[in-house]
Amino acid sequence: MGKQKKARKYATMKRMLSLRDQRLKEKDRLKPKKKEKKDPSALKEREVPQHPSCLFFQYNTQLGPPYHILVDTNFINFSIKAKLDLVQSMMDCLYAKCIPCITDCVMAEIEKLGQKYRVALRIAKDPRFERLPCTHKGTYADDCLVQRVTQAAQCFIGSNPGRGHGTAHQTTLRQRPTCHN
């Protein structure tokens, strides 16, 4: 007769005593937590983001020509697909002088895309584009653009290739204008 195999027990642990177990000594036991009653007359503190004073009464007093437009990688790619000159199309859309602004993160993102997007890179290196330096770590362009729009003293117009793409920035750009292709 052969030896019978035992079934292995998976995910077994040593049993531990609870800190509230009756077998523990009084000094080793966990003391029951007492709920502190909150004073109803005490002031409640909450953190509210500070909005710029130029957005008083929901009208942005800083918004006027020449318009500074933050350009994203997708915006450049969609303008290439639609065969539009980026700066000329912005001026046709807004009927004023437009200064397209591109951050270091967006440039790095386009460079990472490689040879397939060399036309987009050539457009992004256009001397009419204003180059904005980044001070943060990493090259994630979406977070960079949102941070720049919320904290900038200067008023920017955010550019998105379509209404579906702008939903991620909806909460941030609620009081900021957005330019669509």
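For the structure itself, look to the data block above.
Counting restarts for each chain: residues are numbered from 1 in the order of the written sequence. Reporting in this predicted model follows two pLDDT cut-offs: at least 70 for local features of residues, and 80 or more for side-chain atom pairs to be given and counted; totals over whole chains, interfaces and linings ignore these cut-offs and use all residues. Computation of side-chain values covers all heavy atoms of the structure but excludes hydrogens and water.

(A) How the structure looks around the pairing of strand E2 (residues 98-103). Burial classes: relative accessible area under 20% of the type maximum marks a residue as buried, over 50% as exposed, and values in between as partly exposed (1.4 Å probe, protein chains only). Numbering of helices and strands runs from the N terminus; a helix is a DSSP stretch of H or I covering at least four residues, while a strand is a stretch of E covering at least two. Where burial is concerned, most of E2 is hidden: 6 out of the 6 residues are buried. Side chains Cys-98, Pro-100 and Ile-102 project from E2 onto one buried face, and the interleaved Ile-99, Cys-101 and Thr-103 project onto a second face that is buried too. For strand E1 (residues 67-70) and E2, the ladder comprises 4 bridges, and the chain directions are parallel. Pairing of Leu-70 across the sheet is with Cys-101, part of E2. Pairing between E2 and strand E3 (residues 130-132): 3 bridges, direction parallel. Across the sheet, Ile-102 pairs through a bridge with Arg-131, a residue of E3. Two strands pair under a simple rule: DSSP has to find at least two bridges between them.

(B) Here's a closer look at the environment of His-68. Within the secondary structure, His-68 sits in strand E1. His-68 gets classed as buried once you look at its relative accessible area, which sits at 15%. It is 5.2 Å that separates the C-alpha atoms of His-68 and Phe-156, two residues lying 88 residues apart in sequence. With sequence-adjacent residues up to four places away left out, His-68 is seen in contact with Ile-99, Cys-101, Glu-130, Gln-154, Cys-155, Phe-156 and Ile-157. By definition, residues are in contact when any of their heavy atoms lie within 4.5 Å.

(C) Expanded view of the nonpolar core. Put simply, buried Ala, Val, Leu, Ile, Met, Phe, Trp, Tyr and Cys residues joined by side-chain atoms within 4.5 Å make one nonpolar core. If you look at the biggest cluster of nonpolar residues, it comprises 30 residues, and the most contacted ones within it are Val-71, Ile-76, Ile-102 and Ile-110. Secondary structure elements with two or more residues in this core: E1, helix H1 (73-81), helix H2 (86-94), E2, helix H3 (104-113), helix H4 (118-124) and helix H5 (141-151). Non-local contacts of Ile-76, meaning those with residues more than four positions away in its chain, are made with Val-71, Leu-86, Ile-102, Ile-110, Ala-120, Ile-123 and Ala-124.

(D) Region of interest: the environment of Thr-73. If you trace the backbone, Thr-73 turns up in helix H1. For the pair Thr-73 and Ala-124, spaced 51 residues apart in the sequence, the C-alpha separation amounts to 9.0 Å. With near-sequence residues (within four places) excluded, Thr-73 lies in contact with Val-106, Glu-109, Ile-110 and Leu-113.

(E) Expanded view of the pattern of salt bridges. Any Lys or Arg side-chain nitrogen found within 4 Å of a carboxyl oxygen on Asp or Glu counts as a salt bridge. Under the definition given, this model contains 3 salt bridges. Between Arg-128 and Asp-85 there is a salt bridge, with its nearest N and O atoms 3.7 Å apart. You can see Arg-128 sitting in the loop between H4 and E3 and its partner Asp-85 sitting in the loop between H1 and H2, a full 43 residues away along the chain. For Arg-128, the salt bridge identified is with Asp-126, shortest N-O distance 2.8 Å. Taking relative accessible area as the criterion, Asp-126 reaches 18% and is therefore assigned buried. The network of salt bridges with shared partners includes Asp-85, Asp-126 and Arg-128.

By themselves, these observations are geometric and do not establish any function.
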